[in-house]
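Report on the structure
Each chain is listed here by its residues.
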Amino acid sequence: MLQIVNPALIGGIAAAAVFLGILAFLTIGRLVGRRVIRLHGSGGLASTSSLEAAVFALLGLLIAFTFSGALGRFDGRRALVVDEANAIGTAYLRIDLLPAAAQPRLREAFRSYTDARIATYKKLPDLNAASEELARSLQLQTEIWSQAIAGTRLPDSRPAAEMLVMPALNAMFDIATVRVMATQMHPPTIVFAMLIGLALASALLAGYQSAEDKGHVRNGLHKVGFAAIIALTVYVIIDIEYPRLGWIRIDAVDQVLLNVRASMK
């Protein structure tokens, strides 16, 4: 079953929370640092530069790995569309190996199946419509399999027809399942929680370290820029994770499936 997540909404909320959270923790860290200075003087402000560097390095690594993983899954989903188009095209061509009497109905079932597969993802984010098309494609799989089995059992069937046609159908059905599961493969929630937690921790340490700085307005612009960059990065990562629903999409690659469908004369 397809699961729908609105990346624009979730990503926007997460980005806004990160942006405001970083600004808040920068302010909290600065206030704590200034309170320490008032109580103990500048000498009482412990240096956190090494700890700050370690936390920022860990934050950078986590962002890099999370971003890289999201891009890898993005490219993998595009590749799966091409793989499915190739699988459908190969199976359709191998219908020629079946007796002529079995071919017309099977070809028509293939056309309907390909239409259902295209519509399954084209109708997102309408979950109900996409689920209906997915269910229709599963029903057509059963129909195609039954017709293919019946065709290989006809008296004038070629000896090698079953060995060539049935594995091609298996591959076509398998890639459909893989594509459905690929839409549900995302990092565990704890990864995003850790990313946001590290961003807030780094902001707290940076704010504490800046307690002695006098250029508050100038540094404020830097802090807003830092918060905006981290928030935008989180938003883009979430958007890439759902390439059928957000601003960054893979719809263009569906043209390969449309080409296969157009070739089914």
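Up top is the structure these notes are about.
Description of the structure in this document. Everything quoted here is computed from the prediction, not taken from an experiment. (Residues numbered from 1 in each chain as written. Predicted model: local features only at pLDDT ≥ 70, side-chain atom pairs only at ≥ 80, totals over all residues. Heavy atoms only, no water.)

Now for the pattern of salt bridges. Applying the stated criterion across every chain, the model contains 13 salt bridges. With a shortest N-O distance of 2.2 Å, arginine 107 and aspartate 96 are connected by a salt bridge. Note that arginine 107 is positioned in helix α3 (residues 103–122) and aspartate 96 in the loop between α2 (49–93) and α3, a separation of 11 residues in sequence. A relative accessible area of 42% means that aspartate 96 is categorised as partly exposed. With a closest N to O distance of 2.8 Å, aspartate 115 and arginine 261 form a salt bridge. Of this pair, aspartate 115 sits in helix α3 while arginine 261 sits in helix α8 (residues 255–262), and the two are 146 residues apart along the sequence. Several salt bridges converge on common partners, so that one network encompasses Arg244, Arg249, Asp251 and Asp254. (Salt bridge = Lys/Arg side-chain N within 4 Å of Asp/Glu carboxyl O. Helix = DSSP H or I, 4+ residues; strand = E, 2+ residues; numbered from the N terminus. Buried < 20%, exposed > 50% of the residue type's maximum accessible area, 1.4 Å probe, protein only.)

Below, the discussion takes up the packing of α2 against helix α5 (residues 161–182). Interaxial distance between α2 and α5 falls to 9 Å at its minimum, and their mutual angle equals 160°. Regarding the angle of α2 to α5, the classification is roughly antiparallel. α2 and α5 meet at a crossing whose hand is left-handed. On α5, the residues touching Arg77, Leu80, Val81, Asp83, Glu84, Ala87, Ile88 and Ala91 of α2 are Ala168, Leu169, Ala171, Met172, Ile175, Ala176, Val178, Arg179 and Ala182. (Axes fitted to C-alpha atoms, helices over the stretch in contact; angles between N-to-C directions. Parallel < 35°, antiparallel > 145°, perpendicular 65-115°, else oblique. Left-handed = near helix turned anticlockwise from the far one by under 90°. Contact = heavy atoms within 4.5 Å.)

To continue, consider the nonpolar core. Residues Ile22, Ile88, Phe110, Tyr113, Ile144, Leu169 and Met172 are the most contacted members of the largest nonpolar core, which totals 61 residues. Looking at this core, the elements that each hand over two or more residues are α1 (7–40), α2, α3, α4 (127–152), α5, α6 (189–209), α7 (216–241) and α8. The element best represented in this core is α2, accounting for 13 residues. By size, the runner-up hydrophobic cluster in this structure holds 7 residues, among which are Tyr121, Leu124, Tyr242 and Leu245. (Core = buried A, V, L, I, M, F, W, Y, C linked by side-chain atoms within 4.5 Å.)

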